[in-house]
Amino acid sequence: MLFRSLAGLEVYLSAPAEQDTSASPSWQELTGYEVVDDVAGNIGRIELVEEFPMQFIATVTQDGRQVLFPLNETIVLSIDPEHQRLTVRLPDGLLDIYS
């Protein structure tokens, strides 16, 4: 039996690599960032970031209407903490839903 032959042996685990948390803010820390779509241009400032199961959703007011979009690595192209700017590529037609 395998488990008996392993009993009493020492086990070594490698330590997890430290994560660099200073590189980018967390999704929740993006409130107040200006959102710029690479096609549509300036959308507005993030007013709220909400956590839902499996994703975070940002809320921006553009031309008096609320626009919601997911925050993920596919949509967010870059985060510039120095200028508090978020560059995104929103899915085609997303802004049209709110027109």
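Quick notes on the rules
- Residues numbered from 1 in each chain as written.
- Predicted model: local features only at pLDDT ≥ 70, side-chain atom pairs only at ≥ 80, totals over all residues.
- Heavy atoms only, no water.
- Helix = DSSP H or I, 4+ residues; strand = E, 2+ residues; numbered from the N terminus.
- Areas by Shrake-Rupley, 256 points an atom, 1.4 Å probe, with all protein chains shown as cover.
- Buried < 20%, exposed > 50% of the residue type's maximum accessible area, 1.4 Å probe, protein only.
- Lys, Arg positive; Asp, Glu negative; His and termini not counted.
- Salt bridge = Lys/Arg side-chain N within 4 Å of Asp/Glu carboxyl O.
- Pairing = 2+ DSSP bridges.
- Axes fitted to C-alpha atoms, helices over the stretch in contact; angles between N-to-C directions.
- Contact = heavy atoms within 4.5 Å.

Moving on, we come to the overall build of the protein chain. Counting secondary structure elements, the protein chain contains 2 helices and 6 strands. A total of about 7300 Å² of accessible surface is found on the protein chain, and carbon and sulfur atoms cover 52% of it.

Right, let's talk about the environment of D92 for a bit. Inspection of the secondary structure assignment puts D92 in the loop between strand 6 (85–88) and helix 2 (94–97). Residue classification places D92 among the exposed residues on the basis of a relative accessible area of 82%. Residues D92 and V39, 53 residues apart in the sequence, show an inter-C-alpha distance of 9.6 Å.

The next point concerns the environment of D63. Among the secondary structure elements, D63 is positioned in the loop between strand 3 (55–62) and strand 4 (65–71). Note: C-alpha distance between D63 and I43 (20 residues apart in sequence) is 8.8 Å.

What follows deals with the side chain of D37. Along the chain, D37 turns up in strand 1 (residues 34–37). One buried charged side chain, D37, makes no salt bridge at all; its nearest oppositely charged neighbour is R89, positioned 6.7 Å away.

Before going further, it helps to examine the sheet that holds strand 5 (residues 76–80). Taken together, the 6 strands give an open sheet; going across it, the order is 4-3-2-1-6-5, and neighbouring strands pair in mixed fashion. Sheet topology places strand 4 and strand 5 at the edges, where each strand pairs with a single neighbour. The average angle at which neighbouring strand axes cross in this sheet is 35°, direction not considered. Pairing of strand 1 with strand 6 involves 4 bridges; the strand directions are parallel.

Another point: the environment of L68. Looking at the secondary structure, you find L68 in strand 4. Those residues in contact with L68 that lie beyond four places of it in its chain are I57, A58, T59, L94 and Y98.

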